[in-house]
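# Structure assessment
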Amino acid sequence: DAGVTQTPRHEVAEKGQTIILKCEPVSGHNDLFWYRQTKIQGLELLSYFRSKSLMEDGGAFKDRFKAEMLNSSFSTLKIQPTEPKDSAVYLCASSLRETLYFGSGTRLTVL
Amino acid sequence: QQQVRQSPQSLTVWEGETAILNCSYEDSTFDYFPWYWQFPRESPALLIAIRPVSNKKEDGRFTIFFNKREKKLSLHITDSQPGDSATYFCAANSGGSNYKLTFGKGTLLTVTP
């Protein structure tokens, strides 16, 4: 079985640009999560979906971050406009029950 | 307010020693506590997990000790190996059908040969 697939692996953006990160969850998993990982803040939840319905939207990330599930097998995370402080690794994870399976992540650098 | 706290931030032990990683939490509704480990340039993966009905969970060299009254848990790694060098995250959720995990900031473990 394929794991969680994230693209691109690396993204470099200029301040103010719009970027879209993509995620394909494990087939059959109902829950999908977007986390941001930095050394200082650790793993922070951005969005949580179940069967395409938004369960939770990370409060601190609502203004410029928007995650969507276009269908049960594809999700996007849009950051608009990007700021240098958004530089981080963005992790997508999916689950059927309690165990989260993470993708390889997208490393975003905002100049 | 940080809901899940970990200490120490980093820990170095010699090969063969026991490493002890600590975790505490605030929310009394938390009832599932997994530990994830993350190797350099990889993503987090589940290592071991415990529910409060137990105060101990063992899997090979890895053991979770849980103290519900004090809202504390710890991960003990016996006979530490260089291959155990990774960042260890304590996490929690409130159970039921909500699988969202709240993570601590992690402990970086280095096992020196």
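Heads up: these notes are all about the structure in this document. Small disclaimer: the values here were computed from a predicted structure and weren't measured.

### Some words on the pattern of salt bridges
- Going through the model one piece at a time under the given rule, you end up with 14 salt bridges over all chains.
- For Arg97(A), the salt bridge identified is with Glu98(A), shortest N-O distance 3.8 Å.
- Of the charged contacts in the structure, one is a salt bridge between Arg5(B) and Glu26(B), with a shortest N-O distance of 3.8 Å. With a gap of 21 residues between them, Arg5(B) in strand E1 (residues 4-7) and Glu26(B) in the loop between strand E3 (19-25) and strand E4 (33-38) connect regions that are remote in the sequence.
- Taken together, the shared-partner salt bridges in this structure form one network comprising Arg36(A), Glu44(A), Arg64(A), Glu83(A), Lys85(A) and Asp86(A).

### A look at the nonpolar core
- Core analysis: the biggest nonpolar cluster contains 26 residues, and Trp35(B), Leu73(B), Leu75(B) and Tyr88(B) have the highest contact counts within it.
- Those elements that place two or more of their residues in this core are strand E2 (10-14), E3, E4, strand E5 (45-50), strand E7 (62-67), strand E8 (72-77), strand E9 (86-92) and strand E11 (107-112) of chain B.
- What Leu73(B) contacts, discounting residues up to four positions off in sequence, is Leu21(B), Asn22(B), Cys23(B), Tyr25(B), Phe33(B), Trp35(B), Ile64(B), Phe65(B), Phe66(B) and Cys90(B).
- Counting 21 residues, the second-largest nonpolar core is a separate cluster that includes Leu21(A), Phe65(A), Met69(A) and Leu77(A).

### Structural notes on the state of the cysteines
Residues and elements named next belong to chain B.
- Counted according to the given criterion, the structure contains two disulfides over all chains.
- The partner cysteine of Cys23 in its disulfide is Cys90, sulfur to sulfur 2.0 Å. Disulfide Cys23-Cys90: torsion about the S-S bond near -75°, hence left-handed. Residue Cys23 is located in strand E3, and its partner Cys90 is located in strand E9; the two are separated by 67 residues in the primary sequence. The residues Cys23 and Cys90 share a single accessibility class, namely buried.

Quick notes on the rules
Residues numbered from 1 in each chain as written. Chains lettered and ligands numbered in written order. Predicted model: local features only at pLDDT ≥ 70, side-chain atom pairs only at ≥ 80, totals over all residues. Heavy atoms only, no water. Salt bridge = Lys/Arg side-chain N within 4 Å of Asp/Glu carboxyl O. Helix = DSSP H or I, 4+ residues; strand = E, 2+ residues; numbered from the N terminus. Core = buried A, V, L, I, M, F, W, Y, C linked by side-chain atoms within 4.5 Å. Buried < 20%, exposed > 50% of the residue type's maximum accessible area, 1.4 Å probe, protein only. Contact = heavy atoms within 4.5 Å. Disulfide = S-S within 2.5 Å.

Coordinates in, geometry out; function isn't part of it.
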